[in-house]
Amino acid sequence: MKIAVIGQSLFGQEVYKELRKEGHTIVGVFTIPDKDGKADPLATEAEKDGVAVFKFPRWRVKGQAIPEVVSQYKVTGAELNVMPFCSQFIPMEVIDHPKHGSIIYHPSLLPRHRGASAINWTLIHGDKKGGFTVFWADDGLDTGPILLQRECDVEPNDTVNTIYKRFLFPEGVRGTVDAVKLIAEGKAPRIIQPQDGATYECIQKKDNSKIDWNQSAEAIHNWIRGNDKVPGAWAEVDRQKVTFYGSTLVDNGVPASGQPLEIPGASRPGIVTKAGLVLFGNDGNTLLVKNLQFEDGKMIAAAQYFRSGGTEAVELTEEEKAFADQMRVVWQSILTNVAQIEDSTDFFKSGAASMDVVRLVEEVKLRASSCQLQNEDVYMNTTFQDFIQKCVRKLRGEDDEDELVVDYVEKSINNMTIKMPHQLFINGEFVDAEGGKTYKTINPTDGAAICDVSLAQVSDVDRAVAAAKEAFEEGEWGKMNPRDRGRLIYRLADLMEEHQEELATIEAIDSGAVYTLALKTHVGMSIQTFRYFAGWCDKIQGCTIPINQARPNRNLTFTKKEPIGVCGIVIPWNYPLMMLAWKTAACLAAGNTLVLKPAQVTPLTAVKFAELAAKAGFPKGVINILPGSGSLVGQRLSDHPDVRKLGFTGSTEIGKHIMKSCAVSNVKKVSLELGGKSPLIIFSDCDMDKAVRMGMSSVFFNKGENCIAAGRLFLEEAIHDEFVERVIEEIKKMKIGDPLDRSTDHGPQNHKAHMDKLVEYCQTGVKEGATLVRGGKQVERPGFFFEPTVFTDVQDHMYIAKEESFGPVMIISKFKSGEVDDVLRRANATEYGLASGVFTRDISKALYVSEKLNAGTVFVNTYNKTDVAAPFGGFKQSGFGKDLGQEALNEYLKTKAVTIEY
């Protein structure tokens, strides 16, 4: 069709581009005149394509169409007018002229919120559903017949900006183009708007956006967010007009501590806290405001309200002065109406708009990639001098205005004071879960609660995924040089090393890991993992491929390895920090962003890790941590359409469910490390001392809560009795007790439900006729301690021979001397294939057995010997995909092939 596009803005530009892609002919673009010498984005795009552009200041005078304007429009011969965003009044002579009439986009679900501030009023009224309408244009009262509507959920803390970016802009562009397609196909409906539910609200301007304090906290919150960013809800504070931005509802059960701020008309004084300004409704409930703007345009973090007049100016080096000169040129190119950029020149008072903020931030990144400037930094540093000071402080790493606010739970334990975050970590901030929901995490040593932890809800997952998606697609992370990415990961590993004793202590009290083991393995290997993958960041590369030439032309074909996007990671409770590291390090090294769900029973090292990642300088949204249930958080990550990869470690049953959800949702890439029943074959020609020592470790390491634990030992008959006897003697020497005691060998099981399952597992073994040689029951003391257990005479058909205990239970079966192939058959007669082992002095036998064992890892004359450089993962129903080593990177990369003909 021949289409005239009437409107303006980036939205209009995108609609114009998509219509051209669909094959429509744009016969004219009608937009607003240039402002301060700058053309509207729609005009710029059309002029680039050679499309006729008309910039009428008005279409009518005193209600009458201007004949000359209408004549110029009619010459284009448009068959349809498309008005994606239009601030001008278009006369009916133009609207009704084309063959197919005119359609217009409106950002509300008509007939609700007719008028020019529809998005604002959707939020102000607290609507649970929002959306947009494409309707047949009328005389400007938004009453024309409906052609198409699409709706979305309105989140509790949405602003005009967030709902616009998340849904109204991208889906609105698609919806407008779809509406044109329906018209072209002759299928476009004309649904008369109902009168029931119709509303018409005024345009929101600064003079009518003053806050009424005599209403509930939710109503005040809706008013502030409904006016955020434009025109901005304001109130008088300290005899000046102050505008409020970044409102969120908060849990009323948490008392706010800080400095009171008198606000005329408010039911109670506000409280300036570390997190921002707490405000009260007349119902006693509370909201939190992040930023404040004064009448002179200066914006500050609300938490800084009472701080003295700012920090002392830094003296610039010669290199920094050169950077400032470059930025002065950039300011001049943006503020074309200003004769000269002085230190006192104010960016916004000189005519800059929101699009200029985006450009300025990008210009900074082009000249100093390590300066991770945010849009908010420009709004808070409006003069050139303040702007340069902000940039220089960021370049020096001295910027503290975005100081991470952490509500720690502190405990004096293990000869130190540990500081534990306990909230969700979303978009670079610690926040409460929706509705303030929490649960208690338990210390398995005594069964007592450690602290309350935020319990993520589905809406929290959606917020975290949105933050991760924005960080990947729009943020600094996606543009960062791989070497700089590696530097950040190295810095994170250094911070983890600085806090290793604290991390190990938290791991011990939250998971029951023996402190010395936690220090060496849980934390130590985590640090090694991040350092290993940090080194890979700038070594991810494709290759060139010779292909058949299409003579006389020649071709170049090469591959690129690219990050996947937003990755969901779900980890188990046995090695909380190490499992996080194994997946997260490779994911970040590949350039992805992530949303991670730690096990609900062991969340504390994950949220501590989030704190360290923020302090290392990871951009907001790259790492998000959500403690919560698998059925809610894990399921939503599996189902979420914006998550493109899911990495899971856990049970085979849950792995199958995740795989199905990932397939049904959007065929997301999956890697699964699942259950195991790892066989360990010990031949009579083994080194008996080593076999006993390593056999003990293969079962009892980390209290048996070890995915590669030897689930079944096969002993050659000749050594069976001696081996069992020596194992029992070694068990008697093991000290069971407080994991923080340096002499403890065996700590508590991770949580009560798991301990109860171990008791049931051993009872089943006894009922089936296996011989319980030692253990099999809970230790009689507080906490979740379980005795190291040994079963012999275990037959192949028994439950305990086939199923994993995931605890300190040694399952022993015999095999006859010389029956190598038979014992291999028995060892492989399982649906699991995670790990395996063999002890023998015969190298030929060792190689033969390792070749025949059907498992992802085979240990020969050792066990549990994993390394960050060696790939780790299983076969069969133990899953697929690898953690660790170079192969792990492939789980978080996609390969693109590019062919060029020349």
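This text goes with the structure placed above it.
Here the structure is a predicted model, which means the values were calculated and not measured. Counting from 1, residues in each chain are numbered in the order their sequence is written. Note on the predicted model: pLDDT of at least 70 is required for a residue's local features to be given, and 80 or more for side-chain atom pairs to be given and counted; whole-chain, interface and lining totals, by contrast, use all residues. With hydrogens and water excluded, all non-hydrogen atoms of the structure serve as input to the side-chain values.

Caption draft 1: Up close: the overall build of the protein. If you tally the helices and strands in the protein, you get 28 helices and 40 strands. All radius of gyration figures rest on C-alpha atoms, and the globule criterion is 2.2 Å times the number of residues raised to 0.38. Expected size for 902 residues packed as a compact globule is a radius of gyration near 29 Å; at 32 Å, the protein falls within 12% of this value. Seen along its three principal axes, the alpha-carbon backbone of the protein occupies a region of about 110 × 75 × 65 Å. Residue exposure (1.4 Å probe, protein chains only): buried if accessible area is under 20% of the type maximum, exposed if over 50%, otherwise partly exposed. Burial statistics for the protein: of 902 residues in total, 55% are counted as buried. Taking the contacts inside the protein whose residues are at least 6 apart along the sequence as the reference set, 69% of them involve residues at least 24 apart. The helix count covers DSSP runs of H or I at least four residues long, the strand count covers runs of E at least two residues long, and both are numbered beginning at the N terminus. We call two residues in contact whenever any of their non-hydrogen atoms come within 4.5 Å of each other.

Caption draft 2: Structural view of the sheet that holds strand β2 (residues 25–30). In space, the 7 strands of this open sheet follow the order β3-β2-β1-β6-β7-β8-β9, with mixed pairing throughout. Here the strands that pair on one side only, and so sit at the sheet edges, are β3 (53–54) and β9 (146–153). Bridging between strand β8 (residues 129–136) and β9 involves 7 bridges; their strand directions are antiparallel. Its bridge partner being in β9, V134 is matched across the sheet by L148. Between N-to-C directions, angles span 0 to 180 degrees; the directions come from axes that are lines fitted to C-alpha atoms, helices contributing only their stretch in contact. Sheet strands in contact with helix α6 (residues 160–168) are β7 (102–106), β8 and β9, and its direction is about 120° off that of β9. One requirement defines pairing of two strands: DSSP has to find at least two bridges between them.

Caption draft 3: Quick peek at the pattern of salt bridges. We define a salt bridge as a contact between a side-chain nitrogen of Lys or Arg and a carboxyl oxygen of Asp or Glu at a distance within 4 Å. All chains considered together, the criterion is met by 52 salt bridges. Across the pair R463 and D460 runs a salt bridge whose closest N-O atoms are separated by 2.8 Å. Of the two residues, R463 and D460 are both situated in helix α13 (residues 458–473); the distance of 3 residues between them amounts to about one turn of the helix. Taking relative accessible area as the criterion, R463 reaches 30% and is therefore assigned partly exposed. The exposure class assigned to D460 is buried, which follows from its relative accessible area of 0%.

Caption draft 4: Up close: helix α23 (residues 717–733). For α23, built from 17 residues, the straight-helix expectation of 24 Å at 1.5 Å per residue is met to within 8% by its first-to-last C-alpha distance of 26 Å. Restricting attention to buried positions, one finds in α23 the residues I719, H720, F723, V724, V727, I728 and I731. In this structure, the buried residues of α23 make contact with β30 (678–682), α22 (688–700), β31 (710–716), β32 (771–774), β33 (789–792) and β34 (809–815). The span you would expect from a helix comes to 1.5 Å times its residue count less one.

Caption draft 5: Spotlight on the pairing of strand β6 (residues 80–83). Alternating residues of β6 divide into L80 and V82 and N81 and M83, and every residue in both groups is buried. Examined bridge by bridge, strand β1 (residues 2–6) and β6 share 3 bridges and lie parallel to one another. Bridge pairing links I3 to L80 in β6. In this sheet, β7 lies alongside β6 in parallel orientation, the contact comprising 3 bridges. Each residue of the ladder has a partner; that of V82, found in β7, is I103.

Caption draft 6: Structural view of the side chain of E705. Of note, E705 is situated in the loop between α22 and β31. Here E705 falls in the buried class, since its relative accessible area comes to 0%. Discounting chain neighbours no more than four positions away, the residues touching E705 are S511, W573, N574, Y575, Q749, N750, H754 and F806.

Caption draft 7: Quick peek at the packing of helix α16 (residues 500–511) against helix α19 (residues 604–616). At a closest axis distance of 9 Å, the pairing of α16 and α19 adopts a crossing angle of 155°. If you check the angle between α16 and α19, you find them roughly antiparallel. Across the interface between the two elements, E502, L503, I506, E507 and D510 from α16 touch L604, T605, K608 and L612 from α19. The residue makeup of the contact of α16 with α19, split by class, is 4 nonpolar, 1 polar and 4 charged. Here is the rule for angles: anything less than 35 degrees is roughly parallel, anything more than 145 is roughly antiparallel, 65 through 115 is roughly perpendicular, and the remaining ranges are oblique. Under the grouping applied here, Gly and all other residues not named as nonpolar or charged are polar, the nonpolar ones being Ala, Val, Leu, Ile, Met, Phe, Trp, Tyr, Cys and Pro and the charged ones Asp, Glu, Lys and Arg.

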